[in-house]
Amino acid sequence: MILYITVAAVTVLMAGMVNCRPAIQPYRTTRQQVCNRVCLFAVFLILFALSACRLNVGNDYAKYVEFMHLVNCDAYVPTEVGFNLLVKFIYGLSGYENYLLVFAVYAFTTVGIFLLAMYEQSGDFPLTFFLFMTLGYYFQTFSTVRYYLALALALYSMKFVLRGQWGRFIVLILLGSAFHKSLLVVIPLYFLAVLPWKRWQLAIGALFCTTFFFCQEYYLKLVVLLYPTYEDTEYLEGGTSYINILRCVAVLFFAGIVYFGQKDRAGRAGRGLGRGLSGETDEQRMHFYFYLNLGALVLYVFCSFLPIISRIGYYLTISHIFYLPMLLQQIENTKWRKVLRAGVLSAAVLYFMIYMSRAGNDGTLILPYKTFFFHDMVNILSDVN
């Protein structure tokens, strides 16, 4: 745990020196640009090294090693074609079952895409990165590596949605779905979140949500079509996360405070109305993040019977790392902005403490940290049989 806390503290401090809106001078590189590159590279190197050097750390590390072995033996595995081809390529290139290199490639790609998405899309990179670390997103990449690569791609794809570049968005999501097919759900969900909803449309949407109570068997059949291996297993039992529900409610409540606090301003768009970092307006981004959060709350409350609800919800709540900093930027009163910023930081630290206290439990298993430098891999199922 000390290692994880140290890594989080060091990388957060480095991220604090990054300014994603540096002043640009023609024909020369400024000090801030150099600082950005050095700090971002250092952060990436630390996070990549910690992830790539681990051994049997993560809830399903051994299961993935088993899957890779079966892929290499041309046996059936429930993983997607992208994962299978990557394993075959790396194993063939290495000449042996080099699962460490597969995990390293996933770590390199996942961490890199997350950092790139945060740097390009956040208006406050230090706070966004702080939330990324304290809300556990980085440490959860140690488990379900396919899914967290997909989550990184979903985060990166948000800029295409906001720009209306639907072709690029669809292509990126289709490529990502070759590694985790649950990524396909963001196509309709992100499209719905960016629509200019009217009150009567929201009322119809609320009525539609009631079908989740009466048509559960139908929706479960759709899940089985997407995940055939879930049929007649305990994975169809469903369940929801009360912590995630509380997070969504808290964020919506905070958004309401900011919105009504700025209601006398033109368009209620808030502080900094204009073009965003990626060309879209601040109002469009606020709208998009609000409905992603509202959609996540609806899913957690009404769709708790779905076994993949946590995965779907994370595609929406990952936007919190962009939305919370942006909400804070809307507050004109300096005193209140500092108070609310301190509240966000405190809540994130508390969440991190709770997460770390459970880091060794089943379902997480990122403690104790082990590395291939000093430990050997345990026997997988194929070795035992």
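Described in the following lines is the structure provided in the data block. If you're wondering where the values come from, they're calculated on a predicted model, not measured in any experiment. Within each chain, residues carry numbers counting from 1 in the order of the written sequence. Local features are withheld for residues below a pLDDT of 70 in this predicted model, meaning they are given only at 70 or higher, and side-chain atom pairs are given and counted only at 80 or more; totals for whole chains, interfaces and linings count all residues. Side-chain numbers here rest on the full set of heavy atoms in the structure, without hydrogens or water.

Here we come to the overall build of the protein chain. Numbered from the N terminus, helices here are DSSP runs of H or I no shorter than four residues, and strands are runs of E no shorter than two. Looking only at helices and strands, the protein chain features 19 helices and zero strands. Accessible area is worked out with a 1.4 Å probe on protein chains only. A residue is then buried under 20% of its type maximum, exposed over 50%, and partly exposed in between. Residue burial in the protein chain is summarised as follows: out of 385 residues, 47% are buried. Contacts are assigned to residue pairs with any non-hydrogen atoms lying within 4.5 Å of each other. Partitioning the intrachain contacts of the protein chain with sequence separation of at least 6 by distance along the chain shows that 75% fall at a separation of at least 24. Where accessible areas are quoted, they stem from the Shrake-Rupley method and a 1.4 Å probe; at the residue level, only the protein chains shown are allowed to cover. Surface summary for the protein chain: the accessible area is close to 19,100 Å², and the carbon and sulfur share equals 65%.

So, about the pattern of salt bridges. In what follows, salt bridge is the name for a side-chain nitrogen of Lys or Arg lying within 4 Å of a carboxyl oxygen of Asp or Glu. Scanning all chains against the criterion turns up four salt bridges. The closest approach of N and O atoms between Asp124 and Arg341, which form a salt bridge, is 3.1 Å. Of this pair, Asp124 sits in the loop between α5 (99-121) and α6 (125-134) while Arg341 sits in helix α18 (residues 334-357), and the two are 217 residues apart along the sequence. Overall, Asp124 belongs to the buried group, its relative accessible area being 15%. Classification of Arg341 as partly exposed rests on a relative accessible area of 31%.

This paragraph deals with the nonpolar core. Throughout, nonpolar core names a set of buried Ala, Val, Leu, Ile, Met, Phe, Trp, Tyr and Cys residues whose side chains join them through atoms within 4.5 Å. The biggest cluster of nonpolar side chains holds 120 residues, and the ones touching the most others in it are Tyr4, Met118, Phe129, Phe139, Tyr190 and Tyr315. In terms of residues, this core owes the most to one element, helix α8 (residues 145-163), which gives 15 residues. Phe139 has contacts with Tyr4, Leu50, Met133, Phe352, Tyr355, Met356 and Ile366, leaving out every residue within four places of it along the chain.

Attention now goes to the packing of aromatic side chains. The criterion for an aromatic pair is that two Phe, Tyr or Trp rings (for Trp, the six-membered ring) have centres within 6.5 Å, with stacked assigned to planes under 30 degrees apart, edge-to-face to planes over 60 apart and tilted to the rest. Per the stated rule, a full pass over the model turns up 36 aromatic pairs. Taken together, a centroid distance of 5.9 Å and an interplanar angle of 75 degrees make the contact between Tyr137 and Tyr314 edge-to-face. With Tyr137 in helix α7 (residues 137-140) and Tyr314 in helix α16 (residues 309-317), this residue pair connects regions lying 177 residues apart in the sequence. Relative to Phe288, the ring of Tyr190 has its centre 5.7 Å away and its plane inclined at 85 degrees; by these criteria the two rings are edge-to-face. Separated by 98 residues along the polypeptide, Tyr190 in helix α10 (residues 186-194) and Phe288 in helix α15 (residues 282-302) bring together distant segments of the chain. For Tyr190, a relative accessible area of 0% puts it in the buried group. Its relative accessible area of 0% is what places Phe288 among the buried residues. By way of ring pairs, the aromatic residues Tyr61, Tyr64, Phe67, Phe83, Tyr99, Phe103, Tyr106 and Phe179 are connected into one cluster. Working rule: Lys NZ or Arg CZ, within 6 Å of ring centre, within 35 degrees of ring normal, means a charge sits over the ring. Across from the ring centre of Tyr351, 5.5 Å away, lies the NZ or CZ of Arg247, which sits over that ring.

Quick look at a nonpolar patch on the surface now. Candidates for patches are residues over 30% relative accessible area with no salt bridge; among them, like charges are joined within 9 Å and nonpolar side chains (Val, Leu, Ile, Met, Phe, Trp, Tyr) within 5 Å. Together, Val349, Leu350, Met353 and Ile354 make up an exposed nonpolar region whose accessible area comes to about 350 Å². By secondary structure assignment, the location of Val349 is in helix α18. Relative accessible area serves as the criterion here: at 36%, Val349 is assigned to the partly exposed category.

With that settled, consider helix α4 (residues 81-94). Expected span of a helix: the number of residues minus one, times 1.5 Å. Between its terminal C-alpha atoms α4 stretches 20 Å, which fits the 20 Å expected from 14 residues at 1.5 Å a residue. Among the residues of α4, those classed as buried are Gly82, Phe83, Asn84, Leu86, Val87, Ile90 and Tyr91. Looking at the packing, one finds that the buried side of α4 touches α3 (61-72), α5 and α8. Gly95 sits one or two positions beyond α4 and adopts a positive phi of about 85 degrees.

Attention now moves to the packing of α15 against α16. Only the stretch in contact is used when a helix axis is fitted, and all axes are lines through C-alpha atoms; the angle between N-to-C directions ranges over 0 to 180 degrees. Relative orientation of the contacting elements α15 and α16 amounts to 165 degrees, with a least axis distance of 8 Å. With respect to α16, the axis of α15 lies roughly antiparallel. α16 is crossed by α15, and the crossing has left-handed handedness. Where α15 abuts α16, its residues Leu292, Gly295, Ala296, Leu299 and Tyr300 lie against Ile309, Ser310, Ile312, Gly313, Tyr314, Leu316 and Thr317. Three classes are used, and their members are as follows: Ala, Val, Leu, Ile, Met, Phe, Trp, Tyr, Cys and Pro are nonpolar, Asp, Glu, Lys and Arg are charged, and the others, Gly among them, are polar. A class-by-class count of the residues in the contact of α15 with α16 yields eight nonpolar, four polar and no charged. Should an angle fall under 35 degrees it is taken as roughly parallel, and over 145 as roughly antiparallel, whereas 65 to 115 is taken as roughly perpendicular and any remaining angle as oblique. Two helices that cross are described as forming a left-handed crossing if the nearer one is turned anticlockwise from the farther one by less than a right angle, and a right-handed crossing if clockwise.

Moving on to empty space enclosed by the protein. Using protein atoms alone on a 1 Å grid, points that fit a 1.4 Å probe yet trap it form a cavity, whereas open point sets bounded by protein on both sides within 12 Å along at least five of seven lines form a pocket; residues with an atom within 4 Å of a point count as lining. Grid points are joined across faces, edges and corners, and a volume is the space filled by probe spheres set on the points. A full pass over the atoms with the stated rule returns two cavities of 30 Å³ or more. Taken as a whole, the largest cavity holds about 70 Å³ of empty space. Lining the largest cavity, in full, are Ser51, Arg54, Phe103, Tyr106, Ala107, Thr110, Val111, Thr141, Val145, Tyr148 and Leu149. At the level of elements, α5 and α8 are the ones that each hand at least two residues to the lining of the largest cavity. With five residues, the single largest contributor to the lining of the largest cavity is α5. Looking at side-chain class alone, the lining of the largest cavity contains seven nonpolar, three polar and one charged residues. A per-element tally of the lining of the second largest cavity places helix α17 (residues 320-329) first, with four residues. Across the lining of the second largest cavity, the residue classes tally to three nonpolar, three polar and two charged.

Another aspect to go through is the environment of Tyr289. Residue position: Tyr289 is located in helix α15. Judged by its relative accessible area of 0%, Tyr289 is buried. For Tyr289, the residues in contact, after removing those within four places along its chain, are Met158, Leu162, Ser319, Phe322, Tyr323 and Met326.

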